[in-house]
Amino acid sequence: MKIAIIGTGYVGLPTGVGLAELGNDVVCIDKNIDKIKLLQSGKVTLYEDGLEELFVKNIQQGRLNFTSSMQEGVSRADVVIIAVGTPPHSVTKEADMQYIHAAAEELALYLDGYTVVATKSTVPVGTGDVVESIIRKNNPAADFDVISLPEFLREGFAVYDFFNPDRIVVGANTEKARDIIKELYKPFEGKTNILFVNRRSSETIKYASNAFLAIKIHYINEMANFCEKSGADIREVAQGMGLDTRIGNRFLNPGPGYGGSCFPKDTMAMAYMAQQNGVDMTLINAAITGNAKRKKQMAQRVLDAVKDISNPKIAVLGLAFKDGTDDCRESPAMEIVDALLENNADITAYDPQAMKNAKLLVGDKIKYADDMYEAVKEADVVAILTEWKDFKNFDFVKASALMKHKNIVDCRNLLCPETAKNNGFKYQGIGK
Ligand code: NAD
């Protein structure tokens with residue numbers, strides 16, 4: 001099938017690569033010309049495990065191409081997938097739809113023959129209707145259907161999730177569009193649930209899912225706070241809860257709060273939509289406020305650990321919003337770094353993938369190390385802020401020889417408290 005993907009970000013690029021790997025003829029379009037030039041020259045523009053290998057393979061086999069020309073990509077396509085950003089509006093915090101609207105206006109001009117226009121971006125309920133009317137207005141003769149095709153990939157696992165989705169949700173209001181999407185996802189038939197629903201339900205499923213997961217994270221963080229006061233251990237509590245299949249064991253790791261480009265903005269957008277519809281959603285609002293507080297609490301915990309030291313040196317391990325990605329958008333680690341900087345902290349940070357993106361946010365206000373041991377040199381405390389697997393192998397003996405004070409604040413419960421203590425470290429994890 002001939003596919004055009006608009007937007008080559010964390011969703012568009014892995015989706016394009018995945019669809020090409022399934023044998024489709026894919027053209028990825030982006031208005032960012034520098035990005036397109038890099039992609040055309042064979043350079044992958046973001047880090048995702050396993051992406052580069054498939055990217056190179058599919059370019060070589062001629063199934064994956066890149067362009068900044070909407071016409072070149074769209075006019076030949078059976079399916080056009082919109083994967084542009086929907087960031088929070090600076091004032092209202094609802095989803096900012098300017099990129100979706102611009103993409104719809106532009107693509108409308110080049111539709112040629114029956115085309116399915118699929119919105120993969122996370123969009124407010126009713127967006128399908130809006131996109132449909134924009135296209136109709138800009139090209140009254142066009143033959144098309146607009147469907148909702150929400151994306152559920154996890155950053156860091158985008159390639160794995162593309163080939164092993166928990167479910168594929170399709171919001172299509174016509175049989176013709178449903179048949180084309182059934183054909184596109186034929187390789188997944190019998191392997192995963194493919195759920196066909198109406199367009200508005202599909203748009204809602206995405207927000208309802210992300211808000212639920214954000215609430216689950218907020219819940220376990222509150223429970224961790226309770227464990228710290230009550231003498232229980234959150235690791236044991238989470239394990240005991242997770243064995244209940246109604247609860248499930250995922251998203252029960254306490255930490256410095258949820259972050260990334262999705263949960264913060266999607267919870268706010270959902271809260272806004274609820275308010276607009278006159279529906280009281282107290283749980284989502286509690287998660288939003290609680291999560292903001294959480295990051296401040298964690299920053300304070302790091303500051304408290306060095307409160308008796310003048311001009312303390314803080315080693316930060318992890319800047320990405322979670323492991324497996326170089327994405328620092330809304331990263332709790334970055335917000336904690338900001339809070340530490342407000343207190344004039346002297347910070348040296350290390351992250352295996354995200355330092356380039358972190359530099360775009362904090363520049364030279366912090367120092368960057370080439371590895372975790374360079375970061376901990378002369379440090380008075382180590383703050384572990386992202387759950388990178390590499391950090392689990394923290395060598396306490398090596399670090400002992402490098403650090404000024406043997407003190408760890410582990411906001412991800414990555415290290416073994418007993419091993420830390422046996423090596424003479426002061427150790428604070430979460431929820432115990
Ligand atoms: P992103 O910011 O990484 O990428 C968006 C890309 O779209 C950019 O490269 C931008 O230049 C391009 N773009 C914007 N307007 C364009 C236009 N008119 N024509 C061509 N290109 C255009 O965004 P992302 O993280 O990939 O997210 C995209 C959407 O997917 C958002 O709605 C997001 O909420 C949703 N989503 C993201 C994730 C995730 O993990 N990142 C997961 C599920 C859903």
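Residues numbered from 1 in each chain as written. Predicted model: local features only at pLDDT ≥ 70, side-chain atom pairs only at ≥ 80, totals over all residues. Heavy atoms only, no water.

A few words on the overall build of the chain. For the chain, the helix and strand inventory stands at 18 helices and 14 strands. Counting only C-alpha atoms, the chain reaches 70 × 50 × 45 Å along its principal axes. The 432 residues of the chain split such that 54% are buried. Restricting to contacts in the chain with at least 6 residues of sequence separation, those with at least 24 account for 72%. Of the roughly 19,700 Å² that the chain leaves accessible, carbon and sulfur atoms contribute 50%. The averaged location of the 57 negative side-chain charges in the chain is 2 Å from the averaged location of its 51 positive side-chain charges. (Helix = DSSP H or I, 4+ residues; strand = E, 2+ residues; numbered from the N terminus. Buried < 20%, exposed > 50% of the residue type's maximum accessible area, 1.4 Å probe, protein only. Contact = heavy atoms within 4.5 Å. Areas by Shrake-Rupley, 256 points an atom, 1.4 Å probe, with all protein chains shown as cover. Lys, Arg positive; Asp, Glu negative; His and termini not counted. Charge placed at Lys NZ, Arg CZ, Asp CG, Glu CD.)

Time to look at the domain arrangement of the chain. Domains assigned within the chain are domain 1 (2-197) and domain 2 (199-432). Here the C-alpha centre of domain 2 lies 31 Å away from the C-alpha centre of domain 1. The partner domain 2 presents 28 residues to the 38 residues of domain 1 that form the contact. Interface area, domain 1 with domain 2, both sides summed: about 2,800 Å², of which 53% is carbon and sulfur. Taken as a group, Tyr47, Val125 and Glu155 account for 23% of the area that domain 1 buries against domain 2, more than any other trio of residues on that side. At the surface where domain 1 touches domain 2, the tally comes to 4 salt bridges. The salt bridge partner of Arg329 is Glu155, with a shortest N-O separation of 3.7 Å. Applying the counting rule to domain 1 against domain 2 returns 16 residue pairs in polar contact (both at pLDDT 80 or more). Of all elements in the fold, only α6 (127-138), β6 (144-148), β7 (167-171) and β8 (193-197) reach the threshold of two or more residues within the side of domain 1 that touches domain 2. (Domains from an automatic or database assignment. Buried area = accessible area lost by both parts, 1.4 Å probe. Salt bridge = Lys/Arg side-chain N within 4 Å of Asp/Glu carboxyl O. Polar contact = N/O pair within 3.5 Å; in protein donor to acceptor, adjacent residues only side chain to side chain.)

Let us now look at the nonpolar core. Ranked by internal contacts, the top residues of the largest apolar core, which has 63 residues, are Val316, Leu317, Leu319, Leu340, Ile347, Phe394 and Ile408. Examining the composition of this core, we find that 7 residues originate from one element, helix α13 (residues 332-342), more than from any other. Contact partners of Ile347, with chain neighbours within four places excluded, come to Ile314, Val316, Val337, Leu340, Leu341, Ile366 and Lys367. (Core = buried A, V, L, I, M, F, W, Y, C linked by side-chain atoms within 4.5 Å.)

Our focus in this paragraph is the pairing of strand β4 (residues 79-82). The side chains of a regular strand alternate between both faces of the sheet. Neither face of β4 is exposed, since Val79 and Ile81 on one face and Val80 and Ile82 on the opposite face are all buried. Sheet analysis places strand β1 (residues 2-6) next to β4, joined by 4 bridges and oriented parallel. Residue Ile5 lies in a different strand from β4, and its bridge partner there is Ile81. (Pairing = 2+ DSSP bridges.)

Let us now look at the site of the ligand. Near the ligand there are 26 residues, and of these Asp30, Lys35, Thr86, Glu155 and Lys265 occur at the shortest range. Note that an oxygen atom of the ligand is positioned 2.6 Å from one of the side-chain N or O atoms of Thr86. In the model, an oxygen atom of the ligand is placed 2.5 Å from a nitrogen or oxygen of the Lys265 side chain. Calculation on the ligand without its partners gives an accessible area of 830 Å², and the protein chains cover 90% of this total. When the residues that make up the shell around the ligand are grouped by side-chain class, the tally is 9 nonpolar, 9 polar and 8 charged. Lining the shell around the ligand are residues from two domains, each supplying at least three of them: domain 1 (2-197) and domain 2 (199-432). (Near = heavy atom within 4 Å. Nonpolar A, V, L, I, M, F, W, Y, C, P; charged D, E, K, R; others polar.)

Turning our eyes to something else, we now look at empty space enclosed by the protein. Scanning all chains against the criterion turns up 1 cavity of 30 Å³ or more. Within this model, the largest cavity holds a volume of roughly 30 Å³. Taken together, Ser121, Thr122, Val123, Ser148, Pro150, Ser202, Glu203 and Lys206 make up the lining of the largest cavity. Looking at side-chain class alone, the lining of the largest cavity contains 2 nonpolar, 4 polar and 2 charged residues. (1 Å grid on protein atoms, 1.4 Å probe; cavity = no way out; pocket = protein on both sides within 12 Å on 5 of 7 lines; lining within 4 Å. Points joined across faces, edges and corners; volume = space filled by probe spheres on them.)

With that settled, consider the pairing of strand β9 (residues 313-317). By the criterion of burial, β9 is predominantly enclosed, with 5 of the 5 residues buried. Burial along β9 is two-sided: Lys313, Ala315 and Leu317 and Ile314 and Val316, pointing in opposite directions, are all buried. In this structure, β9 lies alongside strand β10 (residues 346-350), joined through 5 bridges in parallel fashion. Counted as the bridge partner of Val316 is Ala349 from β10. One crossover worth recording links β9 to the parallel β10 by way of α13, and it is right-handed. Pairing of β9 with strand β12 (residues 381-384), which is carried by 4 bridges, proceeds in the parallel orientation. Among the inter-strand pairings, Val316 is bridged to a residue of β12, identified as Ala383. (Right-handed = clockwise from strand over helix to strand, strands pointing away.)

With that settled, the discussion passes to helix α10 (residues 234-242). Within the span of α10, buried status applies to Ile234, Ala238, Met241 and Gly242. All buried residues of α10 project into a common sector of 95 degrees when viewed along the axis, lining one side. Exposed residues lying more than 90 degrees from the buried face of α10 are Glu236 and Gln239. Lining the buried residues of α10 we find α9 (199-230). (Arc of directions from axis to C-beta.)

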